[in-house]
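A look at the structure
Residues per chain are reported as follows:
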Amino acid sequence: MLIYNTFSRKKEEFEPVNPPAVTMYICGPTVYDYFHIGNARSFIMGDIIRRYLIFRGYRVKFVMNITDIDDKIIKKAAEEKTDTSGIASRFSDAFLHDLEKLKINQADVFPRATEHIEEIIDVIKKIELNGAAYDGLDSIYYDISKFREYGKLSGKKLDELESGARVEVNSAKRDPLDFALWKKAKPGEPSWESPWGPGRPGWHIECSAMSMKHLGESIDIHCGGNDLIFPHHENEIAQSEIATGKKFVKYWLHFGFLNIQEEKMSKSLGNFFTAREILGKYPAEALRLLYLQTHYSGPLSFTEDLLISASKGFERIKNFALLIKENINSSPAYGESRFDFEKYRLKFTEVMDDDFNTPKGLAVFYDFIKDANSFIQNNKPGKEFFREAYELTKAIGETVFGIVHFDEINAKTEAGIESKLIELLIEMRQQAKLDKNYKLADEIRLKLGAIGVTLQDSKEGTTYRITV
RNA sequence: GGCGGCGUGGCCAAGUGGUCUAAGGCGAAGGUCUGCAAAACCUUUAUUCAUCGGUUCAAAUCCGAUCGCCGCCUCCA
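All chains use their own residue numbering, which begins from 1 and follows the written sequence. All chains are assigned letters beginning at A, and all ligands numbers beginning at 1, according to the order in which they are written. Only residues with pLDDT of 70 or above have their local features reported here, since the model is predicted, and side-chain atom pairs are shown and tallied only from 80 upward, although totals for entire chains, interfaces and linings are computed over all residues. Just so you know, side-chain values use all the structure's heavy atoms and leave hydrogens and water out.

Between Lys or Arg on one side and Asp or Glu on the other, a salt bridge is scored when a side-chain nitrogen of the former is within 4 Å of a carboxyl oxygen of the latter. For the structure shown, the criterion picks out 35 salt bridges. Across the salt bridge formed by Arg-174 and Asp-143, the nearest N and O atoms sit 3.6 Å from each other. Here Asp-143 lies in the loop between β6 (139-142) and α5 (158-164) and Arg-174 lies in the loop between α5 and β7 (179-184), a separation of 31 residues in the sequence. Across the pair Glu-189 and Arg-200 runs a salt bridge, and its minimum N-O distance is 2.8 Å. Of this pair, Glu-189 sits in the loop between β7 and β8 (199-201) while Arg-200 sits in strand β8, placing them 11 residues apart in sequence. The pair formed by Glu-189 and Arg-200 is uniform in burial state, with each residue classed as buried. Residues participating in the shared-partner salt-bridge network are Arg-429, Lys-433, Asp-442, Arg-445 and Asp-457. Put simply, DSSP H or I for four residues or longer makes a helix, DSSP E for two residues or longer makes a strand, and each gets a number counted from the N terminus. Exposed residues in this analysis have more than 50% of their type's maximum accessible area, buried residues have under 20%, and partly exposed residues fall in between, with area computed by a 1.4 Å probe over protein chains only.

Given below as structure tokens:
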């Protein structure tokens, strides 16, 4: 299996440190607001990569941090005249809720910065002990001159960075690129006790501390958005490697941006849709499908039309899943079942093994659906066929991609009074059709459609589907 | 200024030296079925890969130049 590693800028053979165990960390949100669909792209693609690793037999421990103390939260709390913990808990609840709606599997751990103050302090102490921290009056800073390899992830050269660095006003930093490990509290700011006085952790340090605590000092995969490469991930490396003397991360994965009208979607530009807004109008699966259609590392220009197209694709997938579900128990025990399922499974694995090529993986899935539909039309497949079709659809569509949810598909109500009533109406409509009373026949179909029952006429008679 | 990415059919997008007269999705056109729909399937829809040169037996894929777009270098997924 190949993974593109930002660190080497090459695709590398994936060899976790302790297979089949894989340790994976993804940078989660700062909970000061609802997240937008650009953020969602990272969360969804991270989720799919994790799912695929599991599908391939790895035992993945997946950690996603929640930054619940930070300048933005302090600012928001001040605006709303409330405390930071109130803001943090409100938006972290919203975050977890929206993740679930997006069909993103729960992380094994969702560590929060404020619950890891001890661990954070310990890491800072180690950095201090190794001579890479200094007291800059308002903060304890990391001294990047102590880490020779600074810039190795982002490929930046120190002198170039420094000439381009913007001048900060009133900075107590020795070097503009130094960054805060611990920010001393100003009056009225939330704070925790520390050897350097009351204060709060800097932004980068929490990821180092929590990654180490939950996954160990060296981990396999660390991922996040492209914009985190510098300075966030660069700083994480600097801190962690000075503290432990060990390589922090083996594979760095970065997600491309979601652009809107040729610009990066971002809070500060105000050109965003929150995940909530989108979920109010389109199924989560459509958004996942849209993201699957582009490779995770490249940019994606978002328009609502693309989401509409993806919704149509999702309809086709859903109809297929429904067909499978309807037939898995009702089809004859014996029938033509010579269909090469293995071909698709192998192809899927082959293309996904190449740096999680989801557009190709999806193409394999669509090929399978088309071929299977065609097979069903041209043969009389039995239970065995539908059972295998179910397995494969479940593996690719549900387990890995999270775009098929068999449990949520409304198969026909089993022999309930409702289905009897529907069948009664179908019979009456059949009579109307025989009488050439198409007006009545169409009215029955239309009205049933309005309440979520779709009728489908075919040679074998009329069938119905519940589509709500 | 430094670094990185991108430009493929009406739209999205994969492919990065030969199997590419270029996967897949959406859209469009025709067809099967049908009273009409719906669903599904079948057929058609790029001899061409921003432009211009070059390397090669062979290029969308490598090299150079040009044009256009985006991102990072400051908080940001």
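The next point concerns the packing of aromatic side chains. A pair of Phe, Tyr and Trp rings is counted when the ring centres sit within 6.5 Å of each other, with Trp represented by its six-membered ring. The angle between the planes then sorts it: under 30 degrees is stacked, over 60 is edge-to-face, the rest tilted. Within the structure shown, the criterion is met by 32 aromatic pairs. Ring centres of Phe-339 and Tyr-344 lie 5.8 Å apart, and the angle between their planes is 10°; on these two criteria the pair is classed as stacked. Definition used: whenever NZ (Lys) or CZ (Arg) falls within 6 Å of the ring centre and also within 35 degrees of the ring normal, the charge is taken to sit over that ring. Just above the ring of Tyr-134 sits the side chain of Arg-174; from NZ or CZ to the centre is 3.9 Å. We note Lys-247 situated over the ring of Phe-7; from NZ or CZ to the ring centre the distance is 4.7 Å.

Each α-helix turn comprises 3.6 residues. Residues three or four places apart therefore point the same way. When the terminal C-alpha atoms of helix α14 (residues 417-434) are compared, their 26 Å separation across 18 residues agrees well with the 26 Å that a helix rising 1.5 Å per residue should span. Those residues of α14 lying buried are Ser-419, Ile-422, Ile-426, Arg-429 and Ala-432. Summarising the axial view, the buried residues of α14 lie within an arc of 130°, below the 170-degree limit, and thus occupy one face. Exposed side chains of α14 directed beyond 90 degrees from the buried face belong to Ile-417, Lys-420, Glu-427 and Leu-434. A helix's residues, less one, multiplied by 1.5 Å, set its expected span. What the arc measures is the spread of directions leading from the helix axis to the C-beta atoms.

A few words on the packing of helix α12 (residues 358-378) against helix α13 (residues 383-400). Pairs of packed helices are described in terms of their axes, by the angle between the two and the distance that separates them. Angles shown run from 0 to 180 degrees and are taken between the N-to-C directions of axes, each axis being a line fitted to C-alpha atoms and, for helices, limited to the stretch in contact. At a minimum axis distance of 11 Å, the contact between α12 and α13 shows a crossing angle of 165°. Compared by their axis directions, α12 and α13 come out roughly antiparallel. Crossing geometry of α12 relative to α13 is assigned as left-handed. Contacts between α12 and α13 involve Phe-365, Phe-368, Ala-372, Phe-375 and Ile-376 from the former and Phe-385, Phe-386, Ala-389, Leu-392, Thr-393, Ile-396 and Gly-397 from the latter. Each residue is assigned to one class: nonpolar for Ala, Val, Leu, Ile, Met, Phe, Trp, Tyr, Cys and Pro, charged for Asp, Glu, Lys and Arg, and polar for all the others, Gly among them. Its residues assigned to classes, the contact of α12 with α13 comprises 10 nonpolar, 2 polar and no charged. For classification purposes, an angle smaller than 35 degrees is called roughly parallel, one larger than 145 roughly antiparallel, one from 65 to 115 roughly perpendicular, and anything else oblique. It is the rotation of the near helix from the far one that decides the hand of a crossing: anticlockwise by less than a right angle makes it left-handed, clockwise makes it right-handed. Every residue pair with non-hydrogen atoms within 4.5 Å of one another is taken to be in contact.

Pairing between strands is defined by DSSP: at least two bridges between the two strands are required. As paired elements, strand β14 (residues 453-458) and strand β15 (residues 461-466) share 6 bridges and run antiparallel to each other. Across the sheet, Asp-457 pairs through a bridge with Thr-462, a residue of β15. Between β14 and β15, which follow one another and run antiparallel, lie 2 residues.

It is worth spelling out the environment of Gln-106 at this point. Tracing the backbone through its elements, the reader meets Gln-106 in the loop between α3 (84-101) and α4 (117-129). Judged by its relative accessible area of 53%, Gln-106 falls in the exposed class.

The next point concerns empty space enclosed by the protein. Every definition here rests on a 1 Å grid over the protein atoms only: cavities are sets of points where a 1.4 Å probe fits but cannot get out, pockets are open sets enclosed by protein on both sides within 12 Å along at least five of seven lines, and lining residues have some atom within 4 Å of a point. Grid points are joined across faces, edges and corners, and a volume is the space filled by probe spheres set on the points. If you walk through the whole model with that rule in mind, you get 1 cavity of 30 Å³ or more. Residue lining of the largest cavity: Phe-7, Lys-152, Ile-237, Glu-241, Lys-247, Val-249 and Trp-252, and that is the complete set. Of all the secondary-structure elements, those providing two or more residues to the lining of the largest cavity are α7 (229-244) and β10 (249-255). Of the residues that constitute the lining of the largest cavity, the class distribution is 4 nonpolar, no polar and 3 charged.

Now for the side chain of Ser-154. If you trace the backbone, Ser-154 turns up in the loop between β6 and α5. Given a relative accessible area of 12%, Ser-154 falls into the buried group. Throughout this description, a polar contact denotes any pair of N or O atoms lying within 3.5 Å of each other; where both atoms belong to protein, one of them has to be capable of donating a hydrogen while the other can accept it, and for residues adjacent in sequence the pair is counted only when both atoms sit in side chains. Separated by 2.6 Å, the side chains of Ser-154 and Glu-234 make a polar contact. Here Ser-154 is in contact with Arg-9, Ile-229, Phe-230 and Glu-234, once residues within four sequence places are set aside.

Quick look at the domain arrangement of chain A now. Domain boundaries assigned for chain A yield domain 1 (2-255), domain 2 (304-408) and domain 3 (414-466). Taking only C-alpha atoms, the centre of domain 1 and the centre of domain 2 are 38 Å apart. At the interface, 14 residues of domain 1 touch 16 residues of domain 2. For the pair domain 1 and domain 2, the number of links is 3 salt bridges. The split into domains, and so the bounds of each, comes from an automatic or database assignment of domains.

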